[in-house]
Amino acid sequence: MNKSNTMYQRELLKHHQFPVGFNQTINANFQAFDENAFCGDEISVEVNCNKKGEIEQISFKGDSCAICRASASIMCQLLKNITLTSADSTILNITSTLKAKGDLHGDLIPLNGIKQYPVRLQCALLPWTTLGNIVQQYKCQIEEVASCKKIG
Amino acid sequence: MKIISAWKKDFPLFSSTAHQDLHYFDSAATCLVPKIVAECSYHYLTQEHANSHRGIYQLSNNATVKVEQTREKIKDFIKAHYPKEIIFCSGTTEAINIIAKGFIKPKINANHNIIISQAEHHANFLPWQMLCQQTGAELRVIRLNKNHVIDIDHLSSSIDTNTLLIAVNHISNVLGTTNPVKEICNIAKKNNVPVLIDGAQAIGHYDINVSDIGCDFYAFSGHKMYAGNSCGILYINKSHHDSFIPVTLGGGIVDKVTNEETRYVKSIQKLEAGTLNTGGIMCLSAAISYLNNIDKKEIKQYLNQVSTYLLNQLSQLSFIKLISPNDETASIIAFMMNGVHSHDVASILDSNNIAVRVGHHCAQPLHQYLGIKNSIRVSLGIYSQQEDIDELVSTLVSCHEMLSTDIFHE
């Protein structure tokens, strides 16, 4: 390539070619689906979460680009055994960092190269915003249980 | 012998420091601008800028004269009968919306139907879908034949006494296929149905003759014929002028306004409310002069040569699946790469200064019809040449090696 393409770094390509959690069948108790209006890509994220709210299993499926798939793979790698509440903070961190100044760290480093390509940001963010829908479902469930207890 | 464009030197972008290595394959979205048009724009803004059709001072008067000379020039360019059949607007999208709101909306009801094709750009799809949804009228979408052009038998059998309009593209903005618009107009005439042709993709490549085609309306944009961000044109056959109501209300379209009522001008200048984009109109005039200085047959022959080379090269790549038919006269070719998402292909191509378009190209119903979500579109301009295609093909090979994975479509 004449220009260096910061998006397709080696680590990101590894996730693209050998994605973590892709097409895995899990005993999911939460599921969310979303699509990228720009290109029509779809992703479905599934989570199996225990009573403490910890993610025991997480997987994704769908027809998407390398950026979206690698981002989803990183998500599955990073969030296992983490509570959905903590995942919410990670989602916020990734969304705000990719849209503003600053760099992501640790397992998220391969996503830093996408910052220079604003149109592709939505590809990288799609898995995370879809997981965000699951976090909202979880929060609603907790609130419902709490209000049931009050009424009870 | 290599295929080299005789006109590439006319386009300053290729000699700019930032983009001298650019391989531009997105002329279907917008054409690059020749120096003569850019100079015209600068000259207008620095020496001639004025509000046309309003002032009686010399500067404004000169602008008015030039706008009307351009109207005459466009009439000649598309072989219309009268300059008053030409109206200026912002682009093809606005032109089609003018037909929808100014001509069809006043008369449509639940008994009517409107005919379009499966391969329309959203600009020639959404106005008709919305009108039909609002009124209960039927939107009849004509399928494509095996060559991806409008199925004439299906179109003929879809017309009835309640058909208000046939609105179809001249050249598909995705497939590059040319529809038999003259034949469609003949069929429509026998049934007394007016025809609107979306000429956005044809205007830069074909010698357009609206009188020979026999259409009632023809819409196109200046920026797809090397005129930069200029203006759009809507041709309206004289026989329909009285049937229009103004769409946008404002200055320049009335005979008299009182507190109680308004009397609009009778001509279709009632569709040109507000200040005209005089600078854009000047640029369109310059682009027409530029194209008029080139033999249209020469352009067509050259683009066919480039297109043939492109199709030959692409057909040698086993991982490329052509969406467009193998038509050597098409300047637009859509394809997909096996195992690699179209957006990734475009990003990798961009790394080598190759500009293509990916996505649904504002034609989602067509992509649904073809059973795909997106495609890679390569579109040619008179500056395209063999070295651009060679660079494209070698980068497609690298891209496939780098990103192909068989888990892509499980």
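The model shown is predicted, which means the values in this text are computed figures rather than measured ones.

Regarding the environment of A72 of chain A
Residues and elements named next belong to chain A. Within the secondary structure, A72 is located in helix α2 (residues 66-79). With 29 C-beta atoms counted inside 10 Å, the residue A72 sits in the buried group. When the C-alpha positions of A72 and H15 are compared, they lie 8.7 Å apart, and in sequence the two are 57 residues distant. Those residues within four positions of A72 in sequence are excluded, and the remaining contacts are P19, I43, F60 and P127.

Describing the packing of helix α9 (residues 296-315) of chain B against helix α12 (residues 386-403) of chain B
All names here are of chain B. Orientation of α9 relative to α12, taken along the N-to-C sense of each, is 15°, at an axis distance of 10 Å. In terms of axis orientation, α9 runs roughly parallel to α12. Where α9 crosses over α12, the two elements pack in a sense that is right-handed. Of the residues in α12, those in contact with Y309, L310 and Q313 of α9 are Q386, I389 and V393. Its residues assigned to classes, the contact of α9 with α12 comprises four nonpolar, two polar and no charged.

A short note on the domain arrangement of chain B
For interface size, the figure often reported is the accessible area lost on association. Residue and element names in this part refer to chain B. In terms of domain boundaries, chain B breaks down into domain 1 (8-30 + 295-403) and domain 2 (37-292). Taking only C-alpha atoms, the centre of domain 1 and the centre of domain 2 are 28 Å apart. Across the boundary between the two partners, domain 1 contributes 24 residues, which contact 19 residues of domain 2. When contributions to the side of domain 1 that touches domain 2 are tallied by element, the ones reaching two or more residues are α9, β12 (332-337), α11 (364-370) and β15 (375-379). Looking at the side of domain 1 that touches domain 2, the element that brings in the most residues is α9, giving four residues.

Here we look at the pairing of strand β8 (residues 232-236) of chain B
All names here are of chain B. Taking burial as the measure, the five residues of β8 include five buried ones, the bulk of the element. Alternating positions in β8 separate into two faces, G232, L234 and I236 on one and I233 and Y235 on the other, with burial throughout. Bridge analysis of strand β2 (residues 86-89) against β8 gives four bridges, and the strand direction is antiparallel. Paired with C89 across the two strands is G232, which belongs to β8. In this structure, strand β7 (residues 217-221) lies alongside β8, joined through five bridges in antiparallel fashion. Considered in β8, the bridge of F220 is made with I233.

Thresholds applied
Residues numbered from 1 in each chain as written. Chains lettered and ligands numbered in written order. Predicted model: local features only at pLDDT ≥ 70, side-chain atom pairs only at ≥ 80, totals over all residues. Helix = DSSP H or I, 4+ residues; strand = E, 2+ residues; numbered from the N terminus. Buried ≥ 20, exposed ≤ 12 C-beta atoms within 10 Å, placed from the backbone. Contact = placed C-beta atoms within 7 Å. Axes fitted to C-alpha atoms, helices over the stretch in contact; angles between N-to-C directions. Parallel < 35°, antiparallel > 145°, perpendicular 65-115°, else oblique. Left-handed = near helix turned anticlockwise from the far one by under 90°. Nonpolar A, V, L, I, M, F, W, Y, C, P; charged D, E, K, R; others polar. Domains from an automatic or database assignment. Pairing = 2+ DSSP bridges.

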